Amino acid sequence: MVVKCGGSIINQLTPNFFKSLQELKNNGYDVVLVHGGGPDIQHVLSALNIQSEFVNGMRKTSKEVLQVVQMVLSGKVNKNLVMMLQKEQISSVGLSGCDGNLLEAKAIDVASFGYVGEVTKVNQSLLKSLLDGGYMPVISSLGIDPNGDCLNINADLAAGAVAKALHAKQLLFVTDVPGILNNDTLIQNTTPDEINDLIDEGIISGGMIPKVKAALSALSETLHQVHIISGTESFVTDDGDVKGTSITNNQMNGVMNL
Ligand SMILES: Nc1ncnc2c1ncn2[C@@H]1O[C@H](COP(=O)(O)OP(=O)(O)O)[C@@H](O)[C@H]1O
Ligand SMILES: CC(=O)N[C@@H](CCC(=O)OP(=O)(O)O)C(=O)O
């Protein structure tokens, strides 16, 4: 199972959220955590008076911006998350996508986005070694290019790529809203076709767009369902269902239990 923690919620995750993660581990799931940290990056960029803009949901990343992204994601955010997990008795190892060539990546389009990449290969054996050793890998969304240099990767897309590479059965996006909302009403179940309509109608916008795009691209023969959930509560019901919004392949119906 791949769980992506968004920067919007990473500093407000609750003990109940960690309890649900622990339950998943107790139920035999190998959990890999991928995280972002957009607000923390923004905070440091603003403090240093460094400008950055978003193009199609991606932060345009100059060399100067990249240094801050690297420092914040693989430093403060990654280590805080590892410490939070360990306080909840979940043994974790924090890595950036550069460590052990974990997330090999290529630049998307340097002229438009700067040093922004997309994942081309995941070092599965490194993740397997950690999982076999009883550790939860905690991955910050940086990639390593063919020259061995760092690239900034949108964390939703990084999580989708990790889920695809590992043939994960479940992909959860943890964020600061209870799921996909339509006029404040939670959409509990939806499909790729409906999602595309919701984007066209402007109901899904901003930071929700890369999340649903990553979800749609990760859905596959092995991954039938992606969930978008809040990090402020336990996310599994007493019946073992995942709360929030579940996105299921168009042709499949029904809710999957954990
Ligand atoms: N239809 C929608 N339902 C819920 N949230 C939405 C929707 N459209 C846009 N959003 C926005 O997406 C945000 C989550 O994305 P983002 O801020 O990038 O979070 P994260 O840091 O967790 O990836 C929500 O806080 C909300 O403002
Ligand atoms: C290329 C790109 O946009 N990278 C993101 C990486 C962090 C991220 O995605 O964090 P969230 O999950 O909090 O959005 C950024 O620089 O903000």
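Just so it is clear, the structure is predicted and the values come from calculations on it, not from any experiment.

How each quantity is defined
Residues numbered from 1 in each chain as written. Chains lettered and ligands numbered in written order. Predicted model: local features only at pLDDT ≥ 70, side-chain atom pairs only at ≥ 80, totals over all residues. Heavy atoms only, no water. Helix = DSSP H or I, 4+ residues; strand = E, 2+ residues; numbered from the N terminus. Rg over C-alpha atoms; globule rule 2.2 N^0.38 Å. Buried < 20%, exposed > 50% of the residue type's maximum accessible area, 1.4 Å probe, protein only. Contact = heavy atoms within 4.5 Å. Areas by Shrake-Rupley, 256 points an atom, 1.4 Å probe, with all protein chains shown as cover. Lys, Arg positive; Asp, Glu negative; His and termini not counted. Charge placed at Lys NZ, Arg CZ, Asp CG, Glu CD. Pairing = 2+ DSSP bridges. Arc of directions from axis to C-beta. Near = heavy atom within 4 Å. Polar contact = N/O pair within 3.5 Å; in protein donor to acceptor, adjacent residues only side chain to side chain. Axes fitted to C-alpha atoms, helices over the stretch in contact; angles between N-to-C directions. Parallel < 35°, antiparallel > 145°, perpendicular 65-115°, else oblique. Left-handed = near helix turned anticlockwise from the far one by under 90°. Nonpolar A, V, L, I, M, F, W, Y, C, P; charged D, E, K, R; others polar. Salt bridge = Lys/Arg side-chain N within 4 Å of Asp/Glu carboxyl O.

Trainee: Mind showing me how you'd approach the overall build of the chain here?
Mentor: What the chain contains, in helices and strands, is eight helices and 16 strands. On C-alpha atoms alone, the chain measures out to a radius of gyration of 17 Å, which is about the 18 Å that the 2.2 N^0.38 rule sets for 258 residues. By principal-axis analysis of the C-alpha atoms, the chain measures approximately 50 × 45 × 35 Å. By the burial criterion, 48% of the 258 residues in the chain qualify as buried. Here the analysis covers contacts within the chain between residues at least 6 apart in sequence; of these, 70% occur between residues at least 24 apart. Total accessible area on the chain is roughly 11800 Å²; 47% of this is exposed by carbon and sulfur atoms. Between the centroid of the 17 positive side chains of the chain and the centroid of its 26 negative side chains there is a distance of 7 Å.

Trainee: What should I look at first to understand the pairing of strand β16 (residues 245-248) in this one?
Mentor: Regular strands have side chains that alternate between both faces of the sheet. Going residue by residue along β16, you find Thr-245 and Ile-247 tucked away on one face and Ser-246 and Thr-248 tucked away on the opposite face as well. Of the pairings in the sheet, the one linking strand β14 (residues 189-190) to β16 comprises two bridges and is parallel in character. Note on β16: the bridge partner recorded for Asn-189 is Ser-246. Where strand β15 (residues 225-230) meets β16, four bridges bridge the pair, whose relative direction is antiparallel. Note on β16: the bridge partner recorded for Val-226 is Ile-247.

Trainee: How do you make sense of helix α2 (residues 38-47) when you look at a structure like this?
Mentor: Working note: α-helix, 3.6 residues per turn, so residues spaced by three or four point in the same direction. Looking at α2, one finds that the buried residues are Asp-40, Ile-41 and Leu-45. What you see down the axis of α2 is that its buried residues fit within an arc of 135°, all on one side. In α2, the exposed positions that point more than 90 degrees away from the buried face belong to His-43 and Ala-47. On its buried face, α2 sits against β4 (58-59) and α3 (63-87).

Trainee: Where do I start with the site of ligand 1 in this structure?
Mentor: Residues in close proximity to ligand 1 total 17 residues, the closest being Ser-8, Thr-175, Asp-176, Ile-203 and Lys-211. Here Ile-203 contributes a backbone N or O atom positioned 2.7 Å from a nitrogen atom of ligand 1. Separating a nitrogen atom of ligand 1 from a backbone N or O atom of Ser-205 is a distance of 3.1 Å. Listed by contribution, the elements that provide at least two residues to the shell around ligand 1 are β11 (170-175) and α8 (208-218).

Trainee: Help me understand the packing of helix α6 (residues 155-165) against α8, please; the structure alone is not making it clear to me.
Mentor: If you want to describe how two helices pack, look at the angle between their axes and the distance between the axes. It is the contact of α6 with α8, at a shortest axis distance of 8 Å, that shows an interaxial angle of 15°. Considering the angle they form, α6 stands roughly parallel to α8. α8 is crossed by α6, and the crossing has right-handed handedness. Residues Asp-156, Leu-157, Gly-160 and Lys-164 of α6 form the contact with α8, whose participating residues are Pro-210, Lys-211, Ala-214, Ser-217 and Ala-218. Here the contact of α6 with α8 is built from residues that sort into four nonpolar, two polar and three charged.

Trainee: Even after reading the chapter, I still don't get the environment of Ser-220, so can you show me in this structure?
Mentor: Along the polypeptide, Ser-220 turns up in the loop between α8 and β15. For Ser-220, a relative accessible area of 27% puts it in the partly exposed group. Spatially, the C-alpha atom of Ser-220 lies 27 Å from that of Ile-9, the residues being 211 residues apart in sequence.

Trainee: Can you walk me through the side chain of Thr-61 in this structure?
Mentor: Tracing the sequence through the fold places Thr-61 in the loop between β4 and α3. For Thr-61, the contacting residues outside a window of four places in its chain are Leu-66, Phe-113, Gly-114, Tyr-115, Val-116 and Asn-152.

Trainee: How do you make sense of the packing of helix α7 (residues 192-200) against α8 when you look at a structure like this?
Mentor: Put simply, α7 and α8 touch, their axes get as near as 11 Å, and they point 155° apart. When the axes of α7 and α8 are compared, the pair comes out roughly antiparallel. Remark: the crossing between α7 and α8 carries left-handed chirality. For the pair α7 and α8, contact is made by Pro-192, Ile-195, Asn-196 and Ile-199 and by Ile-209, Val-212 and Leu-216, respectively. Tallied by class, the residues present in the contact of α7 with α8 amount to six nonpolar, one polar and no charged.

Trainee: Just to check I follow, could you spell out the pattern of salt bridges for this structure?
Mentor: Side chains that differ in sign of charge can pair as their charged atoms come close. A full pass over the atoms with the stated rule returns five salt bridges. Measuring nitrogen to oxygen at the nearest pair gives 2.8 Å for the salt bridge that ties Lys-4 to Asp-156. Here Asp-156 lies in helix α6 and Lys-4 lies in strand β1 (residues 2-5), a separation of 152 residues in the sequence. An identical accessibility class is assigned to Lys-4 and Asp-156; each is buried. The partner of Asp-132 in a salt bridge is Lys-128, with the nearest N and O atoms 3.0 Å apart.

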